[in-house]
Amino acid sequence: MRHNKAGRRLGRTTSHRVAMFRNMVTSLFNHEKITTTDSKAKELRSIAEKMITLGKRGDLHAMRQAASYIRDKSTVTKLFTTIAPRYKERQGGYTRIIKLSIRQGDNAPVSLIELVEEELTVKATKKAPAKKAAAKPVAAKPVEQAPVQEAAPAEEAAVPQTAVVEPDENCEAKAD
């Protein structure tokens, strides 16, 4: 059983794996996207997101913790000054993995890992949908329309009005 053994070994020794991920996270922050295999990208995601979280904290201790892993002063500076402030309102999910193709030589699945660029928009909480009462047949009433006024030639790009159509009782949905 594999209890309490998180992470992928990727067929490397511990020192090689740590050095590889240090280089990869440095390249990710320098170029803001890199191409690698799926399993490496999935492991790199957790490391990169922890570094961005340190950058969001922004204090001296967080900077020293990030510098102990990244070891490139210009990259650490870029992380704390430009990358981390971009995500100050976001609670996580700073990276995106896009599966690209299969590598020609060894058939390994290749992915693109990149930093998410768009701003987070806070969505309003949705209310529970109102329960509809049993559909009763409603007799169609003629709708009185207001008199239509002629539009001036400068107002040719007027927005068309749309009508809401309710489903008919006689219509049956086809089941596939």
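Above this text sits the structure in question.
Overview of the structure. (Residues numbered from 1 in each chain as written. Predicted model: local features only at pLDDT ≥ 70, side-chain atom pairs only at ≥ 80, totals over all residues. Heavy atoms only, no water.)

Assignment of secondary structure puts Glu 32 in the loop between helix 1 (14-31) and strand 1 (33-37). On the accessibility criterion, Glu 32 (18% relative accessible area) is buried. Glu 32 sits 83 residues away from Leu 115 along the chain, and the two C-alpha atoms are 5.6 Å apart. Every residue in contact with Glu 32, bar those within four places of it in the chain, is listed here: Ser 27, Lys 78, Ile 83, Arg 86, Glu 114, Leu 115 and Glu 117. (Helix = DSSP H or I, 4+ residues; strand = E, 2+ residues; numbered from the N terminus. Buried < 20%, exposed > 50% of the residue type's maximum accessible area, 1.4 Å probe, protein only. Contact = heavy atoms within 4.5 Å.)

Among the nonpolar cores identified, the biggest contains 26 residues, and Val 25, Phe 29, Leu 44, Met 51, Ile 52 and Leu 79 are the most heavily contacted of them. Breaking this core down by element, the ones donating at least two residues are helix 1, helix 2 (38-57), helix 3 (60-70), helix 4 (73-86) and strand 3 (109-115). The element that contributes the greatest number of residues to this core is helix 2, accounting for seven residues. Once residues lying within four places of it in the same chain are set aside, the contact partners of Phe 29 are Ala 48, Met 51, Ile 52, Ile 70, Thr 75, Lys 78, Leu 79, Ile 83 and Leu 115. (Core = buried A, V, L, I, M, F, W, Y, C linked by side-chain atoms within 4.5 Å.)

Let us look at unusual backbone geometry. A positive phi angle, near 60°, is found at Leu 10, a position not held by glycine. Positive phi, close to 65°, is recorded for Asn 107, a residue that is not glycine. Residue position: Asn 107 is located in the loop between strand 2 (95-102) and strand 3. Relative accessible area serves as the criterion here: at 57%, Asn 107 is assigned to the exposed category.

Here helix 4 contains 14 residues, and its C-alpha end-to-end distance of 19 Å stays within 8% of the 20 Å for a straight helix at 1.5 Å per residue. The largest bend in helix 4 comes to about 40°, at Leu 79. Along helix 4, the positions that sit buried rather than exposed are Thr 75, Val 76, Leu 79, Phe 80, Ile 83 and Ala 84. Taken together, the buried residues of helix 4 touch helix 1, helix 2, helix 3 and strand 3. (Expected span 1.5 Å × (residues − 1). Bend = angle between axes of the 7 residues up to and from the residue.)

Here we come to the sheet that holds strand 2. What the three strands build is an open sheet, ordered 1-3-2; its pairing is antiparallel. Across the chains shown, the open sheet's two edge strands, defined by having one partner strand only, are strand 1 and strand 2. Neighbour-to-neighbour, the strand axes of the sheet open up by a mean angle of 25°, direction not taken into account. Packed on one face of the sheet, helix 1 meets strand 1 and strand 3 and runs near 145° to strand 1. (Pairing = 2+ DSSP bridges. Axes fitted to C-alpha atoms, helices over the stretch in contact; angles between N-to-C directions.)

What follows concerns the environment of Ile 83. Looking at the element boundaries, Ile 83 is found in helix 4. For the pair Ile 83 and Lys 56, spaced 27 residues apart in sequence, the C-alpha separation works out to 8.9 Å. Beyond its immediate chain neighbours, meaning those up to four positions away, Ile 83 contacts Phe 29, Glu 32, Ile 52, Lys 78 and Leu 115.

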